[in-house]
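Reading the structure
This is what each chain is made of:
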Amino acid sequence: MLYGGTNDASRESRANFGLTWYAIRRFKEQGIEVLDFNGLLNDGISRFKRSFGQRDDHLVGSIDVAFSPLWSVWNRLLPTAKTVLRRVKGQRPSKDENEH
């Protein structure tokens, strides 16, 4: 899976776990025995990922390759745009946005 982004409410409800289980079952049906969960990110998802194995394998991280010259502009402006929109709506910025 490339991206499983969620908001606070769906993280608490584990809303995307059903999709993850579906994908895992399909991989197993196809004979795939090793699945890279793309690293340990934070406590909630790390706990979930660790529940599948007895060890943590430390691999080389992923590499983002920008195929468009506009990627750097998008990457810088998106967090700012999200913060502005949330403020307009009267919402507080998420923890992820505060990290940018």
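Please read all numbers here as calculations on a predicted model, not as lab measurements.

Tallying secondary structure elements over the chain gives five helices and zero strands in all. When the helices and strands of the chain are placed in sequence order, the string is α-α-α-α-α. Partitioning the contacts of the chain with sequence separation of at least 6, the portion at a separation of at least 24 is 22%. Entry remark: accessible area of the chain is about 9,300 Å², with carbon and sulfur atoms responsible for 55%.

Okay, helix H2 (residues 17-29) next. Because an α-helix packs 3.6 residues into every turn, residues spaced three or four apart end up facing the same way. For H2, with 13 residues, the first-to-last C-alpha span of 18 Å sits near the 18 Å given by 1.5 Å per residue. Of the residues trailing H2, Gly 31 is marked for its positive phi of about 85°.

Attention now goes to the pattern of salt bridges. Here the structure, examined in full by the defined rule, presents one salt bridge. The partner of Glu 29 in a salt bridge is Arg 26, with the nearest N and O atoms 3.6 Å apart. Here Glu 29 pairs with Arg 26, and both are found in helix H2, just three residues apart, close to one helical turn. Take Glu 29: its relative accessible area is 62%, and that puts it in the exposed class. Look at Arg 26 and you get partly exposed, because its relative accessible area is 35%.

Another aspect to go through is a nonpolar patch on the surface. Together, Ile 63, Val 65 and Phe 67 make up an exposed nonpolar region whose accessible area comes to about 420 Å². Locating Val 65 in the fold gives a position in the loop between helix H3 (43-50) and helix H4 (71-89).

Turning our eyes to something else, we now look at the environment of Phe 48. Summarising the element assignment, Phe 48 is placed in helix H3. Sequence separation between Phe 48 and Arg 14 is 34 residues, and the spatial gap between their C-alpha atoms is 9.8 Å. The residues touching Phe 48, leaving out its near neighbours within four places in the chain, are Phe 17, Thr 20 and Trp 21.

Topologically, Lys 49 is positioned in helix H3. Taking the C-alpha atoms as reference points, Lys 49 and Gly 39, separated by 10 residues in sequence, lie 8.5 Å from one another.

On to the confidence of the model for the chain. Of all residues in the chain, 77% have pLDDT values of 70 or greater, and the mean over the chain is 76. Here helix H5 (residues 95-98) stands out as the element of the chain with the lowest mean pLDDT, 53, in contrast to H4, whose mean of 88 is the highest.

Turning to H4, a few remarks are in order. Taking 1.5 Å per residue, 19 residues should reach 27 Å; H4 reaches 27 Å between its end C-alpha atoms and fits that length. Maximum bend of H4: about 30°, positioned at Leu 77, with proline Pro 79 one to four residues after it. Gly 90 occupies a position one or two residues after H4 and carries a positive phi of about 85°.

About the criteria used
- Residues numbered from 1 in each chain as written.
- Predicted model: local features only at pLDDT ≥ 70, side-chain atom pairs only at ≥ 80, totals over all residues.
- Heavy atoms only, no water.
- Helix = DSSP H or I, 4+ residues; strand = E, 2+ residues; numbered from the N terminus.
- Contact = heavy atoms within 4.5 Å.
- Areas by Shrake-Rupley, 256 points an atom, 1.4 Å probe, with all protein chains shown as cover.
- Expected span 1.5 Å × (residues − 1).
- Salt bridge = Lys/Arg side-chain N within 4 Å of Asp/Glu carboxyl O.
- Buried < 20%, exposed > 50% of the residue type's maximum accessible area, 1.4 Å probe, protein only.
- Patch = residues over 30% accessible without salt bridge, like charges linked within 9 Å, V, L, I, M, F, W, Y side chains within 5 Å.
- pLDDT = per-residue confidence, 0-100.
- Bend = angle between axes of the 7 residues up to and from the residue.

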